Amino acid sequence: MASLPGTVVFDLDGTLVDTGPDLTAALNHVLAGFGRTTVPEATVKDMVGHGARKLLERGLAATGEMTPALIDAGFPIFIDYYRANICVHSRPYPGVERALDALAAANVTVAVCTNKPQGLTELLLAALGWTERFAAVVGADAVPERKPHPDHLLTTIARAGGDAAATVYVGDSITDVDTAKAARVPVIAVSFGFPDRPVESLGADAVIDHYDELLAVISRLAASATWSRDGAPA
């Protein structure tokens, strides 16, 4: 296989894991408590990407009045419900674990950079049996600036022991693409996640439709980069 980067960093929701059903259940639990109509999962997936508070804000706005006071009242209800039901229906996307195993076999370090809170991220990874898979896991509240600020991704790379010059980022949204571009890291977008616009319009360096394509696409990106065969900058 062609050269691979030393590090591959992944977004979580909509990239590694389809968390849509459980996020939808948590949002609708809050909305129902406020006497609102519920929101379908397809709509909720368009609202994901900037953290739980923004998801609640968007859910409230889509169903009626949205005020800071309502967000403040609903947020702890959302978090408590979601924490208790974080992996009822959430599942890894097809081929994810094979891809992670293949990267590990190729001595590529993997990490997670997500706008999900750190505690919820770790809880979800534990529920999936993934606690030991990643060299670094950095949630939104574990850094001063969250995505799309490049420091979130650059901090994740550093904590994983990587080099931004030999890293690829994988995500599903314009937030992920903007983050990677700001950090000057090549980015792959998945077509099956939670984008709020057509994936082709995100501006990613490549798009995959299935995780079985991941290593080949990374290798193709590497062909135009300066990585050596061990993943270090040449």
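Residues numbered from 1 in each chain as written. Predicted model: local features only at pLDDT ≥ 70, side-chain atom pairs only at ≥ 80, totals over all residues. Heavy atoms only, no water.

### Remarks on unusual backbone geometry
Working step 1: Residue Pro148 is reached from Lys147 by a cis peptide bond, and omega for that bond is 15 degrees.
Working step 2: By secondary structure assignment, the location of Pro148 is in the loop between strand S5 (136-138) and helix H7 (150-159).
Working step 3: If you check the backbone angles, Asn107 has positive phi at about 60 degrees while not being a glycine.
Working step 4: Checked against the element boundaries, Asn107 lands in the loop between helix H5 (96-105) and strand S4 (109-113).
Working step 5: Here the phi dihedral of Arg184 falls at roughly 60 degrees; this positive angle occurs in a residue that is not glycine.
Working step 6: Here Arg184 shows up in the loop between helix H8 (174-183) and strand S7 (187-190). (Helix = DSSP H or I, 4+ residues; strand = E, 2+ residues; numbered from the N terminus.)

### A word on the confidence of the model for the protein chain
Working step 1: Residues with a pLDDT of 70 or more make up 94% of the protein chain, whose mean pLDDT is 92.
Working step 2: Confidence over residues 228-234 falls short of pLDDT 50; this stretch has 19 contacts with residues more than four positions distant or in other chains. (pLDDT = per-residue confidence, 0-100. Contact = heavy atoms within 4.5 Å.)

### Comments concerning the pattern of salt bridges
Working step 1: For the coordinates displayed, the defined rule picks out 10 salt bridges.
Working step 2: Here Asp11 ties to Lys147 by a salt bridge, and the two come within 2.9 Å at their closest N and O atoms. Pair noted here: Asp11 is in the loop between strand S1 (7-10) and strand S2 (17-18) and Lys147 is in the loop between S5 and H7, with a separation of 136 residues, a long-range link.
Working step 3: Under the relative-accessibility criterion, Lys147 is labelled buried at 3%.
Working step 4: Residue Glu41 is joined to Lys45 by a salt bridge in which the shortest nitrogen-to-oxygen separation is 3.3 Å. Taken as a pair, Glu41 and Lys45 lie in helix H2 (residues 41-47) at a separation of four residues, close to a single helical turn.
Working step 5: We classify Lys45 as buried; its relative accessible area is 19%.
Working step 6: Several salt bridges converge on common partners, so that one network encompasses Asp11, Lys147 and Asp176. (Salt bridge = Lys/Arg side-chain N within 4 Å of Asp/Glu carboxyl O. Buried < 20%, exposed > 50% of the residue type's maximum accessible area, 1.4 Å probe, protein only.)

### Structural notes on the side chain of Asn28
Working step 1: Checked against the element boundaries, Asn28 lands in helix H1 (residues 20-33).
Working step 2: On the accessibility criterion, Asn28 (13% relative accessible area) is buried.

### Regarding the nonpolar core
Taken as a class, soluble globular proteins show a tendency for nonpolar side chains to be buried jointly.
Working step 1: Counting residues in hydrophobic clusters, the biggest one holds 51 residues, and the most contacted among them are Phe10, Leu16, Phe78, Leu103, Ile188, Tyr211 and Leu214.
Working step 2: Those residues in contact with Ile188 that lie beyond four places of it in its chain are Val168, Tyr169, Val170, Gly171, Ala204, Ala206, Ile208, Leu214, Val217, Ile218 and Leu221.
Working step 3: Counting residues in hydrophobic clusters, the runner-up holds 17 residues, among them Ala160, Ala180, Ala183 and Val199. (Core = buried A, V, L, I, M, F, W, Y, C linked by side-chain atoms within 4.5 Å.)

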